[in-house]
Amino acid sequence: MNNTAIIAYLKNVRKHTNADKLQCATVAGDQVIVDLQSKENDLGIYFDSNLQLSPEFLSNNNLYRHSEKNLNPEKNGFFEDNGRVRCITLRGEKSYGFWLPLNSLQFTNGNINLLEEGYEFNDFNGIHICNKYVVQVRASGPSNTQRKHKIKKSRILEGQFNFHEDTDQLPRNIHRIHQEDLISLSWKMHGTSAIVSRCLVKNKFNLFLKFLQYLGVPIKDTQYDYIYASRRVIKNEFEKDKQHFYDEDLWTRVGKEQFQNNLYAGETVYYEIVGYTNSGAYIQKSFDYNCNPSQYKIFVYRITYTNVDGKVIELQWNQLKQRCEMLGVETVPEIYYGYAKDLPITIIDTTKSWQENFLNHLKSTYTYDQNSQFCKNNVPEEGIVLRRDGLTIEAFKLKNFRFLQHESTLKDDDVVDIEDQN
């Protein structure tokens, strides 16, 4: 799961290198900064930097910086009123998120003794604890209620089109990776997610077709047609009420330019668009990907086939590369493909498991706060994706700490993330 709190043990608790009253620890694969009362193998709640803590949780744990908002106004914490968890560097040490012991949930009157390592949640005992932090778009134009009467019935048949699910975080899922797994590692590209699908939809019945049907001529109720979508929104589902983040429908334009008349029936391609929009604006601020203004690039990361019964078959990595070659498009840049055990690990601690050593190697080798090798501008590499092939294909992301800080700064400036809106 993504955008949830997780129950996790503190591991590798150690002295902060430059602060006498703080400690560093590892929790769910990430480094966090904790107080001196925290001990090895303490069980608690970990909130990563995607999250926003609820007012109830903040107040009852006296975490607000503005103490008048706390249950005990004589105590003050360090959270701003928006409750956002931040990715920070504190006196030279990194903290990817925020950890608190289980007793921070006592105010809910829930049975915290039943909570076990790995449990993920947003609510506990009916009380909201956290959610993903999203910068809100300032409303313009007609409200949702004003638009409701315009919405038409969808052409999309149930089970024929699927959005891509959020990619889970590798550190909290490293226990699911094993030495015998066939994996690929690829660079994560920072743009906007897009989907093109030649899927089964309801046929459009114009007056002529309706007349033929009236005369008894058999007319098919369904047909294969091209559907274009962003991460969350189908762009050509309805003829009207089209809304786009940019000043154009980037997703439909790019989808048609790259894939129109090239997909098999039932084929869906998931990809990232990077660079610039048609008007010369950045798709993601400052991430140019060696494009000139008004140019873009695409990188495919997933291809599926859906049959008439709604059964989805996903291409494995080598198959995906071959299909992209046929289509004349690029995959996300590959770092490694093979068995996990065959990836040489340069950092080995005999006191740690293979999974922990493997994760530490990936962090030190591919997410060490470097600049993006794909951009002319001085921007951080976003990170990598580990994909495990098999009958069930799973993907996990590992982000660069400097990129997480970059995202945090944008949120501080109320910059809207396109991936949260489209």
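Residues numbered from 1 in each chain as written. Predicted model: local features only at pLDDT ≥ 70, side-chain atom pairs only at ≥ 80, totals over all residues. Heavy atoms only, no water.

Caption draft 1: Seen up close, helix H6 (residues 354-366). The end-to-end C-alpha separation of H6 is 18 Å, in line with the 18 Å expected for 13 residues at 1.5 Å each. All of the buried residues in H6 are Trp354, Gln355, Asn357, Phe358, Leu359, His361, Leu362, Lys363 and Tyr366. On its buried face, H6 sits against strand S4 (30-35), strand S15 (182-188), strand S21 (334-339), strand S22 (383-388) and strand S23 (394-399). (Helix = DSSP H or I, 4+ residues; strand = E, 2+ residues; numbered from the N terminus. Expected span 1.5 Å × (residues − 1). Buried < 20%, exposed > 50% of the residue type's maximum accessible area, 1.4 Å probe, protein only. Contact = heavy atoms within 4.5 Å.)

Caption draft 2: Expanded view of the sheet that holds strand S3 (residues 22-27). Strand order in this open sheet of three strands is S2-S3-S4, and the pairing throughout is antiparallel. Edge positions in the sheet fall to strand S2 (11-15) and S4, since each has one partner strand and no second. Direction aside, neighbouring strands of the sheet carry axes that sit 25 degrees apart on average. One ladder, built from three bridges, connects S2 with S3; its direction is antiparallel. Bridge assignment links Lys15 to a residue of S3, and that residue is Gln23. (Pairing = 2+ DSSP bridges. Axes fitted to C-alpha atoms, helices over the stretch in contact; angles between N-to-C directions.)

Caption draft 3: Focus on the sheet that holds strand S20 (residues 312-314). A sheet is described by the order of its strands in space; here five strands give the open sequence S17-S16-S18-S19-S20, paired in antiparallel fashion. Of all strands in the sheet, those with a lone pairing partner are strand S17 (222-230) and S20, marking the two edges. Across the sheet, the mean angle separating the axes of adjacent strands is 25 degrees when strand polarity is ignored. Here strand S16 (residues 192-202) pairs with S17 via nine bridges, running antiparallel. What sits directly across from Ile195, in S17, is Ala229. The sheet strands contacting helix H5 (residues 317-327) are strand S18 (267-275), strand S19 (296-306) and S20, and the helix crosses S19 at an angle near 120 degrees.

Caption draft 4: Broad picture of the nonpolar core. Leu170, Phe259, Tyr271, Ile273, Phe358, Leu362 and Leu386 are the most contacted members of the largest nonpolar core, which totals 62 residues. Ranked by residue count, the leading element in this core is S19, at six residues. The contact partners of Leu170, leaving out residues within four places of it in the chain, are Ile177, Leu359, Leu362, Leu386, Phe396, Lys397 and Leu398. Judged by nonpolar contacts, the second largest core, of 23 residues, contains Phe47, Leu51, Leu105 and Phe124. (Core = buried A, V, L, I, M, F, W, Y, C linked by side-chain atoms within 4.5 Å.)

Caption draft 5: Spotlight on the pairing of S23. Burial analysis of S23 places five of its six residues in the buried class, which makes it a mostly covered element. Note that S22 and S23 share six bridges and pair antiparallel. Pairing of Val385 across the sheet is with Lys397, part of S23. Taking the residues between adjacent antiparallel strands as the criterion, S22 and S23 are bridged by five residues, where Gly390 takes a positive phi near 155 degrees.

Caption draft 6: Summary view of the environment of Leu359. Structurally, Leu359 can be placed in helix H6. Residue Leu359 is classed as buried on the basis of its relative accessible area of 4%. Note: C-alpha distance between Leu359 and Ile174 (185 residues apart in sequence) is 7.1 Å. Excluding anything up to four places from it in sequence, Leu359 contacts Gly29, Leu170, Pro171, Ile174 and Leu398.

Caption draft 7: Structural view of the packing of aromatic side chains. As enumerated under the stated definition, the model contains 19 aromatic pairs in all. Seen from their ring centres, Phe287 and Phe403 are 6.2 Å apart, and the 75 degrees between their planes marks the pair as edge-to-face. Pair noted here: Phe287 is in the loop between S18 and S19 and Phe403 is in helix H7 (residues 401-412), with a separation of 116 residues, a long-range link. A single burial state applies to Phe287 and to Phe403, both of which are buried. Each residue in the set Phe47, Phe57, Phe78, Phe79, Phe98 and Phe107 is aromatic and connected to the rest through ring pairs, giving one cluster. When the ring centre of Tyr270 is taken as reference, the NZ or CZ atom of Arg302 above it lies at 4.8 Å. (Phe/Tyr/Trp six-rings, centres within 6.5 Å; stacked < 30°, edge-to-face > 60°. Lys NZ or Arg CZ within 6 Å of the ring centre and 35° of its normal.)

Caption draft 8: Representation of H5 within the structure. All buried positions along H5 are accounted for by Trp317, Leu320, Arg323, Cys324 and Leu327. An end-on view of H5 places all buried positions within 120 degrees of arc, on one side of the element. Exposed residues on H5 whose side chains face more than 90 degrees from its buried face are Gln322, Glu325 and Met326. In this fold, the buried residues of H5 make contact with S15, helix H4 (250-259), S18, S19, S21 and S22. (Arc of directions from axis to C-beta.)

Caption draft 9: Inspection of the environment of Leu58 at higher detail. Here Leu58 lies in helix H1 (residues 55-60). Classification of Leu58 as buried rests on a relative accessible area of 0%. For the pair formed by Leu58 and Glu80, sequence separation is 22 residues and the distance between their alpha carbons is 9.8 Å. Once residues within four sequence positions are removed from consideration, Leu58 is found in contact with Leu53, Leu63, Tyr64, Asn70, Phe79 and Gly83.

Caption draft 10: Examining the pattern of salt bridges more closely. Under the counting rule described, the total for this entry stands at 21 salt bridges. Glu334 is paired through a salt bridge with Lys321; the nearest N and O atoms lie 2.8 Å apart. Here Glu334, found in strand S21, pairs with Lys321, found in helix H5; they are 13 residues apart in sequence, far enough to count as distant. For Lys321, a relative accessible area of 27% translates into the label partly exposed. Between Glu394 and Arg388 there is a salt bridge, and its shortest N-O distance comes to 1.9 Å. Overall, Glu394 belongs to the buried group, its relative accessible area being 17%. (Salt bridge = Lys/Arg side-chain N within 4 Å of Asp/Glu carboxyl O.)

Caption draft 11: Examining the pairing of strand S5 (residues 43-48) more closely. With six of its six residues buried, S5 lies for the most part within the structure. Two strands pair when backbone bridges link them, and strand S1 (residues 5-9) and S5 are joined in this way by four bridges, in the antiparallel orientation. Its bridge partner being in S5, Ala8 is matched across the sheet by Gly44. For S5 and strand S9 (residues 97-101), the ladder comprises five bridges, and the chain directions are antiparallel. Across the sheet, residue Tyr46 finds its bridge partner in S9, namely Trp99.

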